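# Structural overview for review
Residues per chain are reported as follows:
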Amino acid sequence: MESGFPELEGLKDLAIEQLGTPCYESPFKGKDFRFVSDDSGVLVYSNTKDIERCKAGCIQPPAFQEAGPRKKIYFNSKDVVAGMLTAGGLCPGLNDVIRTIVMQLTYEYGVKKIYGFRYGYEGISSKRHDDPMILNPQVVGDIQHQGGTILGTSRGDQDLDDMLETLQKFEVNVLFVIGGDGTFRGAHKLANLARERNLDIAFIGVPKTIDNDIFCSEKTFGFSTAVEEARSAIYGAHEEAEAAWNGIGLVKLMGRDSGFIAMHATLANSDVNFCLIPEVQFTLEGENGLLARLEKRLERRRHAVVVAAEGAGQNLIKDGEETMQDSSGNILHKDIGLYLKHQILRHFKEKGIPVTLKYIDPSYMIRSCEANAEDSSFCLLLGQNAVHAAMAGKTNMFVAYWNNHFTHVPLKTAVGRRKTVNPLGDYWQSVIAMTD
Ligand code: F6P
């Protein structure tokens, strides 16, 4: 397993919280054999060595509950009031997920009332700016062709009591939260409080982030599109670099604490010579430092492309400014792109070597666009499975993807942990082999 291999610690209890015994026959039109039972598990480890490791420790190899339609469901469709919100940064595919959830609730389960709460958690607090949108197939008909989110988004926590009161006011008994780690943290707290108060509300997460850093999900929606967009930026950087004598194309890409976008965009575009990610430290100076290696590359080929994830090289930047956080509690990184630009230009000026450097920061452009084909179909399956889970009365969980299966993961397993690039994994080893 390449990405952020989950260690046994924290995976011992993957049981999914259930609101009550499902006793309604599912109206889902899928074929009988498609129904999935709760005891169907997707093994976390697929490597025989890991299975042996579990056996040696007398541990049952951990497994995620398989997602999919249940034959018996918990909610009577006519009593369901569903709500959904999108929180955190934008991500290609948000509207695809919103649309799928609405279509699936309406056409497969016969749910009649669906609210779209506006601007993240703010939308279910008394601070909300707008009333929730009434969602139905007409409203969401064509939204999959738009980037962004029709619901709006925001970062940051809201008062838990206030949010539960709002949900009760609108009589919501199923809430879909579409977001990343910060959003899931909020949903987990809300689900816990709802349980303490015996409130019959299902909280289901759908993992969204271009950074692809959600723990226990092999991929998140939006990632594939972001990589594709990032590839165009690298292509531009390469053309610019190649067109000049000693040309350098420098690209900064999003990826706060995990370098998946930079790594995969590099692999998808074999013109990159240096790929810098947060998981792998590098030095600037010295024989093996980036600057000396860049100099050698220019001597050999007269052009070079450098790709840096925004979280890379943070240890190198000493600007005296105190560390800041955004409203989701994420550390705001110093600008590695501009830092590298200045350091590279300084180095070659000091050495008297003329270079032409073009700096490209596609920034928000890689996440505010329409989803690509791969993400759109992934969003569809995530959304459908989120609805199956909710109708079956699952809660405090999110729908994920693991070992070629859609799975249920308890929110508590993933919050506060992050999937990162494994420097010894196939992908990063391949980056090492093909760059410089
Ligand atoms: O979480 C995804 C992400 O794209 C990060 O890579 C980036 O640091 C962050 O969002 C920036 O988002 P915003 O400026 O909206 O806080």
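Residues numbered from 1 in each chain as written. Predicted model: local features only at pLDDT ≥ 70, side-chain atom pairs only at ≥ 80, totals over all residues. Heavy atoms only, no water.

## Quick look at the site of the ligand
- In the vicinity of the ligand, the residues found are R155, I210, D211, M254, G255, R256, E310, Y364 and R367.
- In this structure, R155 approaches the ligand through a side-chain N or O atom, which is 3.0 Å from an oxygen atom.
- One of the side-chain nitrogen or oxygen atoms of D211 is found 2.9 Å away from an oxygen atom of the ligand.
- Broken down by class, the residue content of the shell around the ligand amounts to 3 nonpolar, 1 polar and 5 charged. (Near = heavy atom within 4 Å. Polar contact = N/O pair within 3.5 Å; in protein donor to acceptor, adjacent residues only side chain to side chain. Nonpolar A, V, L, I, M, F, W, Y, C, P; charged D, E, K, R; others polar.)

## Quick notes on helix α8 (residues 290-301)
- When the terminal C-alpha atoms of α8 are compared, their 16 Å separation across 12 residues agrees well with the 16 Å that a helix rising 1.5 Å per residue should span.
- Remark: R302 follows α8 within two positions and exhibits a positive phi of approximately 70°. (Helix = DSSP H or I, 4+ residues; strand = E, 2+ residues; numbered from the N terminus. Expected span 1.5 Å × (residues − 1).)

## A few points about the sheet that holds strand β13 (residues 303-309)
- Strand order in the open sheet made by the 4 strands is β12-β13-β11-β16, with parallel pairing throughout. Taken across any chain shown, the strands that pair with only one partner, and hence form the sheet edges, are β12 (274-276) and β16 (356-360). Sheet twist, expressed as the average angle between the axes of neighbouring strands with direction ignored, equals 15°.
- The sheet contact formed by β12 and β13 spans 3 bridges and is parallel. Counterpart to C275 in the pairing with β13 is V307.
- This element, α8, spans β11 (247-253), β12 and β13 of the sheet and lies at about 150° to β13. (Pairing = 2+ DSSP bridges. Axes fitted to C-alpha atoms, helices over the stretch in contact; angles between N-to-C directions. Contact = heavy atoms within 4.5 Å.)

## Things to note about the side chain of D211
- By the element assignment, D211 lies in the loop between β10 (202-207) and α6 (223-242).
- Put simply, D211 is tucked away with no salt bridge, and the nearest opposite charge, on R256, sits 4.6 Å away. (Buried < 20%, exposed > 50% of the residue type's maximum accessible area, 1.4 Å probe, protein only. Lys, Arg positive; Asp, Glu negative; His and termini not counted. Salt bridge = Lys/Arg side-chain N within 4 Å of Asp/Glu carboxyl O.)

## Some words on the sheet that holds strand β8 (residues 133-134)
- With respect to topology, 9 strands assemble into an open sheet ordered β3-β4-β19-β18-β10-β9-β6-β7-β8, the strand pairing being mixed. For this open sheet the edge positions go to β3 (41-43) and β8, each flanked by a neighbour on one side alone.
- Relative to strand β19 (residues 405-410), strand β4 (residues 63-66) runs antiparallel, the two sharing 2 bridges. Within the sheet, the bridge partner assigned to E66 lies in β19 and is T407.

## Re the pairing of β19
- Most of β19 is tucked away, with 5 of its 6 residues classed as buried.
- Looking at chain direction, strand β18 (residues 397-402) and β19 are connected through 6 bridges and run antiparallel. Looking at β19, one finds that Y401 is bridged to F406.
- Taking the residues that link successive antiparallel strands as the turn, the β18-β19 hairpin has 2 residues, and the phi of N403 there is positive, at about 50°.

## Some points on unusual backbone geometry
- Even without being glycine, N212 reaches a positive phi, approximately 60°.
- If you check the backbone angles, C216 has positive phi at about 70° while not being a glycine.
- Its place among the elements puts C216 in the loop between β10 and α6.
- Taking the relative accessible area as the measure of exposure, C216 reaches 2% and is therefore buried.

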